Each structure stands twice: as structure tokens, then as C-alpha cells.
Amino acid sequence: MNLARGRKIPHYRRSGQYTMNHDNSKKTPDGASFDRSGSQDSLDELSLDDYFKEIENIHETRRNNHEEREALVVKEPDEGELEEEWLKEAGLSNLFAESTGDSQESMVFLSTLTRTQKAAVEKRVETVTQTLRKKNKHHQIPDVRDIFRLQSDPKEKVCDENEPSAVRTTENRSGTQDETKGSKFSVGTNEQKTPPQDMQFSETDLNLEIPFAEQAANTKDSSVGKMCKSGGGDTLPLNFRLPKDKTGTTKIGDLAPQDMKKVCSLALIELTALYDVLGTEFKQQKAAKIKTKDSGLFGVPLSVLLEQDQKKVPGTKIPLIFQKLISQIEEATLETEGLLRIPGVATRVKTLCQELEAKFYEGTFNWENVKQHDAASLLKFFIRELPQPLLTVEYLKAFQDVQNLPTKKQQLQALNLLVILLPEANRDTLKVLLEFLQRVIDHRDKNKMTLNNVAMVMAPNLFTFHGFGSKTIEQSEFVMAAGTANVMRFMIQHQKLLWTIPKFLVNQVRKQNAESQKKEKKDKAMKKLLKKMAYDREKHEKQDKVPNDADVPQGVIRVQAPHLSKVSMAIQLTEELKASDIVARFLSQKSGNVQTLKKEEVFLYEIGGNIGERCLDDDTYMKDLYQLNPNAEWVIKPKQS
């Protein structure tokens, strides 16, 4: 990073007015001057001024409020406690519980892990095992080697095909899977060897097909990735992009809840594996319980706010006050110079805050009294006053530590996994915030708020939190400022990528589902045999009423659309047929008897087979997806809010 190494951070005196016109004669150690209105690709000392001025504004606000907030205390975990919590969150707690629960389900889950993911699990299992033995707990503690022994059978190594081909054994390569034959959802399969596939991706392409930790393991000791090193590469603009996936890009919100839960468990293991491979410590924090407000607007947990708001607006996922503050800022103009950087008048902001608490839900608050800079200050105040950080206590440090990863690409990969791990309310609110910040940056020619400026101003509001963030600043102000602002900048710049679920995680979920279905079929074989006659009769009657997939010839799928005029249609698959083409074909069949739906209101869904439910993006090539999941049903319907 091209930062003022060795320079003393200026101490800001408390003042009522912030001078916007900085002295342009300030220079970095190498003598380069900077212009605030310029488009900078690196963080400089001048933009660091924004960070520390924002810190001063935050302290000023707290002094004016004369309120002592109960500091969030991060618990010091006992030995093995973090690892136990980690296994619980990864869905593997039943390996150690006195009642083992559905150990079969855990075995299916473990069988789909990659080499590096297995190593991450083994490391935590070993720590917990040693801890339990020290405590003389008489649980049935499995040996680490026993946990993965089931996977030694090549037929059970479902996801070891994710391993780089160079480390696969002959036994692994010869393994077959009867249930998934013809379904090409494995990563790095025999048809798709890892090294040739990596050659197809440039330094700025984000490869979502090969697990991130496996990529890191492959490139760790090679020269690949040097272009993206944090040190020298920070002066280069790195605009990462997602190569087109013919089976469709999966965004957060596209999957059914049961599959998203599996994605989150896998994301935690993958993130841990990535940090392990890169030699970076990954530890989740845990906060001691504190008393929080159960009503109001500011200082109220997101879950409580949403519960209040959903009584007013059913189905809302973003706090209403948060939405209103953003719209209030935008109603004026985003071209206002110094927007977000210039604070509102402290006494007026305090009064507005009190009035909002009393009148917002009554609908009697007069928004005409709210000036734009005051609304921006209230928005930042809302974020800071959350009882727990928007990025959560568990992962705030992990977000901060992203800056320590070796390459920009690995930093982006880690951020992608961290966003997936956030609770839904936090993730949705963060998304709306980042989208708003990007709209502010889009007007940088007028408002002088570049990506760097916005990152510097917003970083203290997200990363310094009620004591345990500020201690870090006191210890190393400069490193904290530069590092968290870089992470903030990365989140704004690449937000569209961060809300994408990597294909390798979706594929692992498909494998889990396929394996679970295979085991269920074996368990139900006898019951099905006894009911065969009744089943065949029912199936025959159903075929007489509704066209069934059995009536559909090879290369044709039947699509259902219960909300549209044309409720069912057989579609011939071609190489170029996309999901958007199918939706358009249905929408062209108009009828006055059915409510007219617009193209942006309905989507094609992949349902069943090896996935619970998945909303398809418009550019999904249907023939490729059909080969991935030939047993799926295809339904056009509105997206669930």
C-alpha cells in the first residue's frame, strides 16, 4: 500500500467546523502530491485525514449525547471452546454430543468435503478431542482418523474430485458414482482437470468453480498471483470479474433455506481452510450477553427492529428507519460536495434523534426539518449504535484481518465467504448500505467523494465498535485506518461479486443432496416394494390427467407456470436456449383471465433432483443445466420476497 510509512498521524483538535479545502501541498514520503477530487487507486495520507476526522466526529457525538453505552465485552474462550463452537456452526456438533443424533447425515456431509476442507475439520476435531480428554468427559470421542475413514472407499469420495488432479490418487480417479452418473456437477472432474482449467482464468477472473483453499494450496509455492500482492499491487486498479457460467450464476437469495443452510456450513469450513492454507489465524469472537433495548430506533438489535417494522410493512427485510434515512439523503441530491464526509450540526442531530424515537412510528415526524448532512450523520449514527456490529461480533475481526491475506484475489474470496456467513438481517442491511455508497461514488465528479474518500469515512462506522474496536486504534492507529479502509473500499467496489455463491459450494450441496437421496432410497426400498402396486396404479391415473415427464421425448423438458396464462409447455432444448427465452415464450401467451405479470416479476426455477430449489438467472443455458440436474422440475413463478 502506498501509505505514509513512518509519518506521525496528525492529532485533530476538537473544532466545530471541518475545513473541506485541505492543503494540497501535503505529500507522501515519496513526494507525490494528491488531489482530493482525483480518482485514486491507492489510499494516501490526504484521504487518511477523512478517517481520523470521522473518528473525531464520532467521539464528539458521544460526548454531546452524554450517554454511557454498555461496552460490548468479547469473552475470552476456554480451551477448545472456539473449536467446539466452530464444529457446531459447521453442522458437526453431533460428532461430540452425548446423543450423537443423525450421524449418518454428518457422514454424508463429511464425504463431500475437499482435501483442504477435511484438513480444517480434522484440525478442529483434534483440538476438541484433546480438550475433552483433559476434562475427563466420558463422551464417546471418535478418533480423527475414524471420522474420515468412511471416505477411504473410492465410491464414497464424492467430493475428493475437488482436489487438484496432481494430488489425486489412482484410486480416487477410478472411483464411480452410480447415482450421479451423467450429472456433471463435480469440481475438477476427470473431464475438467484443475491445471488446464486454471489456465483459462486470468489474474482478474474470480474462479468460482475450484474451491478457494484448493486454489491457494496450488499457488502457494509458485509465482502465480504475484501481480495481485497487497504490497506493490495496491497501486494497480484490479477490476475482478466473474467469467460466465453456462449453468447460471447463483446469488444469495436464489436458494431454498435448507440448501442455504448447507452453503453456510460449507462456507465456514472453506473460509477456515483458506486461512489455514495461507497461514493466517481465523478465530471467531464471542460477545458476552448485554442488556439491549426492546423497542425504539437507535441502539436496538436488528432482529427487534425488523420484528417491529414487519408489523407495519409485512415482509420488509431492511429496517424502515434505515431505508428512510437513505431516501432522505437521495431526495436532495447526491451531488452535494462532501456528502457523508461533512457532519451535521451535533446539537441538531441529537434533537432529531430524540424526535425520531418519539414520532417515527406514529408517522408525525416532520422530515422537512432534516437537512441532508444531518440525515447522513443519523445514518452513520444508526450503524454505530447497533448493540452488536453490523458485521457481527463473531466475524468483525475476520473482516478486519482480510487485509492480511497475501493477494487481492484471496482477500476478495475471503470477503465473499464472510458475506455468506452473515445473518440474513445483517447481510441484507449491508447490501443496501453498499449499494447506496456506490450511488454516492457515481456522483464523485460533483460531490468530490471518490471510492477512497467514502471508504475512509465509512470504515470507522463499521469497524470501530464500542470499545473493542477503539483499543485496536490506540495500539496502531495508522495500520487500523489503512487496513479497514482498504477492506471497506473492496466491499464497495466488488459488492456484486460478494453476493454470489461460488459454484463449488452449490456443487457440494448438490452432492450432499444426491448422496442423502441415495441413502433414503435404500432405507425405503422395502416399503416401496410393498406399496408398488398401489403406487403404479396412482401413477397411471396421474398420467391420464396431466402430461408427465415420461411423455416428454429426449432433449425436451416440461415447464410449469401456474401463475401464467399458459400453465404448461414442452420446451425443446438447444445449445443456445437460455432461461430468459423460456420465460419470454410463456409471457407471450397472453390471456385476459389471468393477472398480467411483467418479465422482471417472474423467474424460472430449478426444483428437486439434486437441489432443493434454485432461482435461475436469465443467462442460464438450459441444456447445460439439464445435464447437471436431469431429474429437476422446471417452474416459472414470482420470486419469494
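Keep in mind that this is a model prediction, so the values were computed, not measured.

Conventions and cut-offs
For every chain, the first residue of the written sequence is number 1, and numbering continues from 1 along that sequence. Totals for whole chains, interfaces and linings use every residue, but because this is a predicted model, local features are given only for residues with pLDDT of at least 70 and side-chain atom pairs only at 80 or more, for both listing and counting. Calculated side-chain values reflect all of the structure's heavy atoms, with hydrogen atoms and water omitted. Labels follow the DSSP assignment, with helices taken as runs of H or I lasting at least four residues and strands as runs of E lasting at least two, numbered in each case from the N terminus. With a 1.4 Å probe rolled over the protein chains alone, any residue whose accessible area is under 20% of its type maximum counts as buried; one over 50% counts as exposed, and the rest are partly exposed. A carboxyl oxygen of Asp or Glu within 4 Å of a side-chain nitrogen of Lys or Arg is what we treat as a salt bridge. Any two residues having at least one pair of non-hydrogen atoms within 4.5 Å are treated as being in contact. A fitted line through C-alpha atoms serves as each axis, taken over the contacting stretch for helices, and the angle formed by two N-to-C directions is quoted from 0 to 180°. Between 65 and 115 degrees an angle is taken as roughly perpendicular, under 35 as roughly parallel, over 145 as roughly antiparallel, and anywhere else as oblique. When residues are grouped by polarity, Ala, Val, Leu, Ile, Met, Phe, Trp, Tyr, Cys and Pro land in nonpolar, Asp, Glu, Lys and Arg in charged, and all others, Gly among them, in polar. When DSSP finds two or more bridges between a pair of strands, those strands are recorded as paired. You can read pLDDT as the predictor saying how much it trusts each residue, on a scale of 0 to 100. A pair of aromatic rings is counted whenever rings of Phe, Tyr or Trp (Trp by its six-membered ring) have centres within 6.5 Å, and the orientation is called stacked for planes under 30 degrees apart, edge-to-face for over 60 and tilted otherwise. Think of a 1 Å grid over just the protein atoms. A cavity is a set of points where a 1.4 Å probe fits yet cannot get out, a pocket is an open set with protein on both sides within 12 Å along at least five of seven lines, and lining residues have an atom within 4 Å of a point. Grid points are joined across faces, edges and corners, and a volume is the space filled by probe spheres set on the points. The start and end points of each domain follow an automatic or database-based domain assignment. Two helices crossing with the near one rotated counterclockwise from the far one by less than a right angle form a left-handed crossing, whereas a clockwise rotation gives a right-handed crossing. Take the buried residues of types Ala, Val, Leu, Ile, Met, Phe, Trp, Tyr and Cys, join any two whose side-chain atoms come within 4.5 Å, and each joined set is a nonpolar core. Multiply 1.5 Å by the residue count of a helix minus one, and that product is the helix's expected span.

Draft legend 1. Representation of the overall build of the chain within the structure. Looking only at helices and strands, one finds 27 helices and seven strands in the chain. Among the 641 residues that make up the chain, the fraction classed as buried is 51%.

Draft legend 2. Representation of the pattern of salt bridges. For the coordinates displayed, the defined rule picks out 22 salt bridges. Glu435 is paired through a salt bridge with Lys431; the nearest N and O atoms lie 2.6 Å apart. Of this pair, Glu435 and Lys431 both sit in helix H17 (residues 424–441), separated by four residues, roughly a single helical turn. What makes Lys431 partly exposed here is its relative accessible area of 32%. When salt bridges that share partners are traced, they join Lys123, Arg124 and Asp276 into one network.

Draft legend 3. Broad picture of the environment of Trp86. Note on placement: Trp86 falls in helix H2 (residues 81–89). For Trp86 and Gln284, which are 198 residues apart along the polypeptide, the C-alpha to C-alpha distance reads 8.0 Å. Filtering out sequence-adjacent residues up to four positions away, Trp86 remains in contact with Ala120, Val121, Arg124, Leu268, Ile269, Thr272, Phe282 and Gln284.

Draft legend 4. Representation of the packing of helix H12 (residues 320–332) against H17 in the model. At their nearest, the axes of H12 and H17 sit 11 Å apart, and the two run at 5 degrees to each other. Between H12 and H17, the interaxial angle falls into the category roughly parallel. Residues Phe322, Ile326, Ile329 and Glu330 of H12 touch H17, and the partners they reach there are Thr429, Val432, Leu433, Phe436 and Arg439. Looking at side-chain class alone, the contact of H12 with H17 contains six nonpolar, one polar and two charged residues.

Draft legend 5. Fine view of the sheet that holds strand S3 (residues 556–560). On the basis of which strands lie adjacent, the open sheet formed by five strands has the order S4-S3-S7-S5-S6 and mixed pairing. Where the open sheet ends on each side, the last strands, each with one partner, are strand S4 (568–572) and strand S6 (611–615). Neighbour-to-neighbour, the strand axes of the sheet open up by a mean angle of 25 degrees, direction not taken into account. Pairing analysis gives five bridges linking S3 to S4, with the strands arranged antiparallel. When the sheet's bridge partners are listed, Val556 is paired in S4 with Gln572. Most of the contacts of helix H26 (residues 579–587) go to strand S5 (residues 602–608), to which it runs at about 115 degrees, and overall it touches S3, S4, S5 and strand S7 (633–638).

Draft legend 6. The arrangement of the confidence of the model for the chain in detail. When pLDDT is averaged across the chain, the result is 77; 67% of the residues are at 70 or more. Scored below 50 in pLDDT, residues 1–42 shows 86 contacts in the model against residues more than four places distant or in partner chains. Counting interchain partners and residues more than four positions distant, the pLDDT-below-50 stretch residues 185–199 has 43 contacts.

Draft legend 7. Region of interest: the packing of aromatic side chains. Inspection of every chain in the model, using the stated rule, returns ten aromatic pairs. Arranged with centres 5.3 Å apart and planes meeting at 70 degrees, the rings of Tyr51 and Phe52 form a pair that is edge-to-face. Accessibility classification places Tyr51 together with Phe52 in one group, the buried group. Ring plane angle 70 degrees and centroid distance 6.4 Å describe the contact between Phe298 and Phe382, whose orientation is recorded as edge-to-face.

Draft legend 8. Geometry of the layout of surface pockets. As a volume, the second largest pocket reaches approximately 1100 Å³. Elements with a contribution of two residues or more to the lining of the second largest pocket: helix H10 (257–278), H17, helix H21 (477–493), helix H22 (495–498), S5 and S6. If you tally residues by element for the lining of the second largest pocket, the top one is H17, at eight residues. Residue composition of the lining of the second largest pocket, grouped by class: 16 nonpolar, nine polar and twelve charged. Mapping the lining of the second largest pocket onto the domain boundaries places at least three of its residues in each of domain 1 (302–501) and domain 2 (551–640).

Draft legend 9. Summary view of the packing of H17 against helix H19 (residues 451–463). Running from N to C, H17 and H19 point in directions that differ by 150 degrees, and their axes come no closer than 10 Å. With respect to H19, the axis of H17 lies roughly antiparallel. In the packing of H17 onto H19, the handedness of the crossing is right-handed. Contacts between H17 and H19 pair Leu430, Leu433, Leu437, Val440 and Ile441 from the former with Leu451, Val454, Met458 and Leu462 from the latter.

Draft legend 10. How the structure looks around the environment of Leu437. As for its position among the elements, Leu437 is in helix H17. In sequence terms Leu437 and Ile492 are 55 residues apart; their C-alpha atoms lie 7.1 Å from each other. Those residues in contact with Leu437 that lie beyond four places of it in its chain are Leu340, Val454, Met458, Met488 and Ile492.

Draft legend 11. Structural detail: the pairing of S6. With four bridges connecting them, S5 and S6 associate as antiparallel partners. Its bridge partner lying in S6, Gly608 is registered against Ile611.

Draft legend 12. Structural context of the pairing of S5. Most of S5 sits out of view: five of its seven residues are buried. Bridge analysis of S5 against S7 gives six bridges, and the strand direction is antiparallel. In the sheet register, Ile607 faces S7, and the bridge partner there is Glu633. The antiparallel hairpin formed by S5 and S6 contains two residues in its connecting segment, where Gly609 sits at a positive phi of about 75 degrees.

Draft legend 13. Summary view of unusual backbone geometry. A positive phi angle, close to 80 degrees, is found at Leu340, a residue other than glycine. Mapped onto the elements of the fold, Leu340 is located in the loop between H12 and helix H13 (346–359). Classification of Leu340 by relative accessible area gives buried; the value is 1%. In this model, Thr392 sits at a positive phi of 70 degrees, which is unusual for a non-glycine residue. For Thr392, the location among the structural elements is in the loop between helix H14 (372–385) and helix H15 (393–401).

Draft legend 14. Up close: the nonpolar core. Counting 124 residues, the largest nonpolar core has Leu340, Leu437, Leu462, Phe463 and Met488 as its most contacted members. By residue number, the principal contributor to this core is H10, which donates twelve residues. Core analysis: the next-biggest nonpolar cluster, separate from the first, contains 21 residues, Met569, Ile582, Phe586 and Ala632 among them.

Draft legend 15. Here's a closer look at the side chain of Thr484. You can see Thr484 is positioned in helix H21. Overall, Thr484 belongs to the buried group, its relative accessible area being 0%.

Draft legend 16. Just H14, in detail. In a regular helix each residue adds 1.5 Å, so 14 residues correspond to 20 Å; H14 covers 20 Å between its end C-alpha atoms and thus fits that length. With 13 of its 14 residues buried, H14 lies for the most part within the structure.

Draft legend 17. Main features of the environment of Ser295. Structurally, the position occupied by Ser295 is in the loop between H10 and helix H11 (302–312). Exposure remark for Ser295: the relative accessible area of 41% places this residue in the partly exposed category. Along the sequence, Ser295 and Glu357 sit 62 residues apart, while their C-alpha atoms lie 9.4 Å from each other. Ignoring sequence-local partners within four residues, the contact set of Ser295 consists of Val300, Val304 and Gln308.

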